[in-house]
Amino acid sequence: MNVIHFINAFFSDSAHWHGYDGIPTRLREHLQYSLIALAIAAAIGLPVGLLTGHTGRGGNALASIATAARALPSFGLLVLMFILLGFGLMPVMIPLVVLAVPPILVTTYEAVRSVDPSPVDAARGMGMAEPRVLFQVELPVALPLILSGLRSAAIQIVSTATIAAYVSLGGLGRYVIDGLYQRNYEKVVGGATLVALVALATLALFWAVTRFTVSPGVRRSG
């Protein structure tokens, strides 16, 4: 059987659409893990990136931290956290957050630093306070690039959240891990296809968010 036949067999099997191991349940679990990890990573990366980008300080430190974090293998970190913390959601969240923070952090910093200094200087010359300069002048212009960093982080999380299955949690990774163990390649291919579809849906979602939140003038200039 080729890949197309595996995909068709997986999705046409009614047993895969019901119960605790059904696609709706596994998809909901996968999205839950992904959204929690992205929210935590954004809560860390966005404020630090905005502050350092606005002040222009800490760029070298950010680059070093991002490089070090990207060098950490997610699966290796998962195993280490599992050994230290045992079963639960935390051993999964830590490697996913570590994976997602660098693109958010670095992209946000670069986005703010790349804003044309002329309107920023003009705003300061008018007596605008620094928080207002950041949120009313710099942030609207930097928003497309910031969203691209969030998009990159989201795609990486969605693709890597399959590791949750290695520590007996759910998500779409269950199909891949269980399928490999059972030598059920229909399930492996079906799970991988679902992950790819979620990644594509994430891309479409961020395209829509960018379309409706970024000023048309900023989109054209970008």
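First, a word on scope: everything that follows refers to the structure included in this document.

**Description of the overall build of the protein chain**
Move 1: In terms of helices and strands, the protein chain carries 10 helices and zero strands.
Move 2: The helix and strand sequence of the protein chain, counted from the amino end, reads α-α-α-α-α-α-α-α-α-α.
Move 3: Referenced to the eigenvectors of the C-alpha coordinate spread, the extents of the protein chain come out at roughly 65 × 40 × 25 Å.
Move 4: Of all 222 residues assigned to the protein chain, the portion counted as buried reaches 44%.
Move 5: Sequence separation of 24 or more characterises 75% of the internal contacts of the protein chain that already satisfy a separation of 6 or more.
Move 6: When the accessible surface of the protein chain is split by element, carbon and sulfur atoms take 67% of a total near 11,800 Å².
Move 7: Here the protein chain carries 14 positive and 10 negative side-chain charges, and the mean point of each set is 3 Å from the other.

**Describing a nonpolar patch on the surface**
Move 1: A cluster of nonpolar side chains, contributed by Phe75, Val79, Ile83 and Tyr166, occupies part of the molecular surface with about 410 Å² of accessible area.
Move 2: Tracing the backbone shows Ile83 in helix α4 (residues 74-85).

**Remarks on helix α1 (residues 3-12)**
Move 1: Listed in full, the buried residues belonging to α1 are Phe6, Ala9 and Phe10. Take α1 and look down its axis: the buried residues cluster within an arc of 100 degrees, on one side only. Along α1, the residues that are exposed and aim more than 90 degrees away from the buried face are Ile4, Asn8 and Ser12.
Move 2: Those residues of α1 hidden inside the fold are in contact with α2 (23-55), α8 (173-182) and α9 (185-213).
Move 3: Where α1 begins, one side-chain oxygen reaches toward the backbone nitrogen of Ile4, 3.2 Å away; that side chain belongs to Asn2.

**Some points on the pattern of salt bridges**
Move 1: Scanning all chains against the criterion turns up five salt bridges.
Move 2: As a salt-bridge pair, Asp21 and Arg26 come within 2.9 Å of each other at their nearest N and O atoms.
Move 3: Overall, the relative accessible area of 7% leaves Arg26 in the buried class.
Move 4: Taking the shortest distance from any N to any O, the salt bridge between Glu29 and Arg26 comes out at 2.9 Å. Within this pair, Glu29 and its partner Arg26 are both found in helix α2, separated by three residues, close to a single helical turn. Of the two residues, Glu29 and Arg26, neither departs from the other in class, the shared state being buried.
Move 5: What you see here is one network of salt bridges that share partners, running through Asp21, Arg26, Glu29 and Lys187.

**Points about the packing of α2 against helix α7 (residues 130-160)**
Move 1: Put simply, α2 and α7 touch, their axes get as near as 10 Å, and they point 145 degrees apart. When the axes of α2 and α7 are compared, the crossing they make is right-handed. Between α2, through His30, Ser34, Ala37, Leu38, Ala42, Leu46, Leu50 and His54, and α7, the contact on the second element is made entirely by Glu130, Val133, Leu134, Phe135, Glu138, Leu139, Ile146, Leu150, Ala153, Ala154, Ile157 and Val158.
Move 2: Partitioned by chemical class, the residues of the contact of α2 with α7 number 15 nonpolar, three polar and two charged.

**Some words on the packing of aromatic side chains**
Move 1: For the structure shown, the criterion picks out four aromatic pairs.
Move 2: When the centroid spacing of 5.2 Å and the interplanar angle of 80 degrees are considered together, the rings of Phe10 and Tyr175 count as edge-to-face. Highlighted residues: Phe10 in helix α1 and Tyr175 in helix α8, separated in sequence by 165 residues. When sorted by exposure, Phe10 lands in the same class as Tyr175, which is buried.
Move 3: Between Phe82 and Phe87 the ring centres are 5.0 Å apart and the planes differ by 80 degrees, which places this aromatic pair in the edge-to-face class.

Parameters at a glance
- Residues numbered from 1 in each chain as written.
- Predicted model: local features only at pLDDT ≥ 70, side-chain atom pairs only at ≥ 80, totals over all residues.
- Heavy atoms only, no water.
- Helix = DSSP H or I, 4+ residues; strand = E, 2+ residues; numbered from the N terminus.
- Buried < 20%, exposed > 50% of the residue type's maximum accessible area, 1.4 Å probe, protein only.
- Contact = heavy atoms within 4.5 Å.
- Areas by Shrake-Rupley, 256 points an atom, 1.4 Å probe, with all protein chains shown as cover.
- Lys, Arg positive; Asp, Glu negative; His and termini not counted.
- Charge placed at Lys NZ, Arg CZ, Asp CG, Glu CD.
- Patch = residues over 30% accessible without salt bridge, like charges linked within 9 Å, V, L, I, M, F, W, Y side chains within 5 Å.
- Salt bridge = Lys/Arg side-chain N within 4 Å of Asp/Glu carboxyl O.
- Arc of directions from axis to C-beta.
- Polar contact = N/O pair within 3.5 Å; in protein donor to acceptor, adjacent residues only side chain to side chain.
- Axes fitted to C-alpha atoms, helices over the stretch in contact; angles between N-to-C directions.
- Left-handed = near helix turned anticlockwise from the far one by under 90°.
- Nonpolar A, V, L, I, M, F, W, Y, C, P; charged D, E, K, R; others polar.
- Phe/Tyr/Trp six-rings, centres within 6.5 Å; stacked < 30°, edge-to-face > 60°.

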